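Descriptive analysis of the structure
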Amino acid sequence: MKTKSRFAGVFTGFLLVVAALAGLVWLGLNTWTTWPHFPSDPPAAGQPATAEQLAAAASPAPEVIVTVDRDYAYRIGDIIPVTVYFKEKPGTVIDLHSIAIEGDFEIAQQPEFFERRTRDGARLVRGNIKLQSFSNTPKLTLKANLSYRIIATNEDVTVSLPAFEAYTSNTWDGRDIIQEGHLRNKYGLDPYFTAALVLGGIFGVVFFFRLARRYALEQPILFELKGLPSRFQLARRDFNDIWARMEAGDRSADRYVEVAQLVRRLYRVETKTTLEASYYLLYSYNGPLQVTDILRACDRVIYRHEMLSDDEHDEIKRVFDKLVPQYPAHVLAKLPPTRVAMRSAEATLSGTSYLD
């Protein structure tokens, strides 16, 4: 009788331990990270470092890897969870609030960021970002920029993050790639429950120890979505800078190229001629038609080498002020160095003409 009572007590305690460990593992799944292999990571033991590995290790630029469970069969408004891994090099600081997003996506929920430190002084950051798109296109594209600071020179540098694409096809999206997505295992009942009870006590301590180490190494980062600048704020800051140089006397074709380029990127008509952009904005309801008024005025200077009158020149600013709101100076001063328009106008002048 005493033996049975003692056995029942031990068995009950064993079940409680297994249940507690299972609960801890379940709670830690959100922050349990399998970090990817970055280009600058040292090679395996006994293997020489490649030229790509040495170049990545010598560069101060952060390394970014974007992963997603599946990139197909999404519908309008679906939440797409994306995981972004950053490797911050020693001597640099990544500004997470400088992320500027372009393309078809917007951030649907508050992002979550976690960090850990490596032995060589680098910082690894994992970001859980939920994207959402309401664009009715076969392929959804995300482009983003990020700034980091070199501590020694106090210099801010902007880098482009790897482009991310997701497809909306339910059957075949045209790619010769077998897409299986995330497969879920369907387990039986009796064999796996029995094995879990037998092996849970043996491996429970190991899992608990590893979970405790991961909690100690990985800490959440406070991040506010409202701190990210909008594309209209960036456009207003860049336009004010270009217009100030024009008012100072620089009415060269380069300045009008920068204005046209800024407006095209703001309303996503970079690949369209001015005539195509007018039809696109008029019939697709993708923006105000007044955008083409600015483009036509700039085209006259860029491609026809005409000189605009003062009224025609001032009309560009009047139209832009109607499209983009004014912001206080202190708001524009806090924006990251990411620019809407390219600083070099020569690439645009040597490319395809945007005339009607």
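Computed from a predicted structure; not experimentally measured.

Some words on the overall build of the protein
Along the protein, the regular secondary structure elements total ten helices and ten strands. Taking all 356 residues of the protein together, the buried fraction comes to 35%. For the protein, the share of sequence-separated contacts (at least 6 apart) that also reach a separation of at least 24 residues comes to 74%. Total accessible area computed for the protein in this model is approximately 21,700 Å², and 58% of it derives from carbon and sulfur atoms.

Some details on the pattern of salt bridges
All told, the structure shown has 18 salt bridges when counted by the stated rule. For Asp238, the salt bridge identified is with Arg237, shortest N-O distance 3.1 Å. Accessibility expressed as a relative area gives 0% for Asp238, which makes it buried. Here the residues in one salt-bridge network are Asp241, Arg245, Asp250, Arg255 and Glu258, joined through shared partners.

Regarding the nonpolar core
Membership of the largest hydrophobic core comes to 30 residues, with the highest contact counts inside it found for Tyr256, Val259, Val263, Ile294, Cys298, Ile316 and Phe320. In contact with Val259, other than residues within four places in its own chain, are Phe239, Ile242, Met246, Ile294, Cys298 and Ile316. One finds Tyr74, Val125, Tyr148 and Phe164 within the second-largest nonpolar core, a separate group that totals 25 residues.

Quick notes on helix 5 (residues 253-266)
Given a rise of 1.5 Å per residue, 14 residues ought to cover 20 Å, and the 20 Å separating the end C-alpha atoms of helix 5 matches this to within 8%. Summarising burial for helix 5: eleven of the 14 residues are buried, a large majority. Taken together, the buried positions of helix 5 are occupied by Arg255, Tyr256, Val257, Glu258, Val259, Ala260, Gln261, Leu262, Val263, Arg264 and Leu266.

Side note on the packing of helix 7 (residues 291-302) against helix 8 (residues 310-323)
Packing of helix 7 against helix 8 leaves a shortest axis separation of 9 Å and a crossing angle of 150°. Classified by the angle between their axes, helix 7 and helix 8 sit roughly antiparallel to one another. For the crossing formed where helix 7 meets helix 8, the hand is left-handed. On helix 8, the residues touching Val291, Ile294, Ala297, Cys298 and Arg300 of helix 7 are Glu312, Ile316, Val319, Phe320 and Leu323. Of the residues assigned to the contact of helix 7 with helix 8, the class counts are eight nonpolar, no polar and two charged.

Comments concerning unusual backbone geometry
Within the chain, Asn154 stands out as a residue other than glycine whose phi angle is a positive 55°. Looking at the secondary structure, you find Asn154 in the loop between strand 7 (139-150) and strand 8 (155-160).

What about the packing of aromatic side chains?
Overall, the coordinates contain five aromatic pairs when judged by the stated rule. Taking the centre distance of 5.9 Å and the plane angle of 45° together, the rings of Phe105 and Phe164 count as tilted. With Phe105 in the loop between strand 3 (92-103) and strand 4 (106-107) and Phe164 in strand 9 (residues 164-167), this pair connects stretches of sequence that are 59 residues apart. Across the pair, exposure class does not vary: Phe105 and Phe164 are buried alike. With a centroid separation of 3.9 Å and 15° between ring planes, the pair formed by Phe239 and Phe320 is classed as stacked.

A short note on the environment of Val301
With respect to the helices and strands, the residue Val301 is situated in helix 7. A residue is classified by how much of its surface remains accessible, and Val301, at 8% relative accessible area, is buried. Separated by 44 residues in sequence, Val301 and Val257 have C-alpha atoms that sit 8.7 Å apart. With near-sequence residues (within four places) excluded, Val301 lies in contact with Ala253, Tyr256, Glu306 and Leu308.

Digging into a nonpolar patch on the surface
There is a patch of nonpolar side chains on the surface, built from Phe11, Leu15, Leu197, Val198, Leu199, Ile202, Phe203 and Phe207 and spanning about 720 Å² of accessible area. When residues of the nonpolar patch are traced back to their parent elements, those giving at least two are helix 1 (2-28) and helix 3 (190-217). Residue placement: Leu199 occurs in helix 3. When its relative accessible area of 39% is taken as the criterion, Leu199 is described as partly exposed.

Some details on the confidence of the model for the protein
Close reading of the predicted structure is inappropriate where its pLDDT is low. Looking at the protein, pLDDT values average 80 and 85% of them are 70 or higher. Element-level mean pLDDT values for the protein span from 42 in helix 10 (residues 346-349) up to 94 in helix 7. Across residues 343-356, confidence stays below pLDDT 50; counting only partners more than four residues off in sequence or on other chains, it has 29 contacts.

Reading the values: rules and limits
Residues numbered from 1 in each chain as written. Predicted model: local features only at pLDDT ≥ 70, side-chain atom pairs only at ≥ 80, totals over all residues. Heavy atoms only, no water. Helix = DSSP H or I, 4+ residues; strand = E, 2+ residues; numbered from the N terminus. Buried < 20%, exposed > 50% of the residue type's maximum accessible area, 1.4 Å probe, protein only. Contact = heavy atoms within 4.5 Å. Areas by Shrake-Rupley, 256 points an atom, 1.4 Å probe, with all protein chains shown as cover. Salt bridge = Lys/Arg side-chain N within 4 Å of Asp/Glu carboxyl O. Core = buried A, V, L, I, M, F, W, Y, C linked by side-chain atoms within 4.5 Å. Expected span 1.5 Å × (residues − 1). Axes fitted to C-alpha atoms, helices over the stretch in contact; angles between N-to-C directions. Parallel < 35°, antiparallel > 145°, perpendicular 65-115°, else oblique. Left-handed = near helix turned anticlockwise from the far one by under 90°. Nonpolar A, V, L, I, M, F, W, Y, C, P; charged D, E, K, R; others polar. Phe/Tyr/Trp six-rings, centres within 6.5 Å; stacked < 30°, edge-to-face > 60°. Patch = residues over 30% accessible without salt bridge, like charges linked within 9 Å, V, L, I, M, F, W, Y side chains within 5 Å. pLDDT = per-residue confidence, 0-100.

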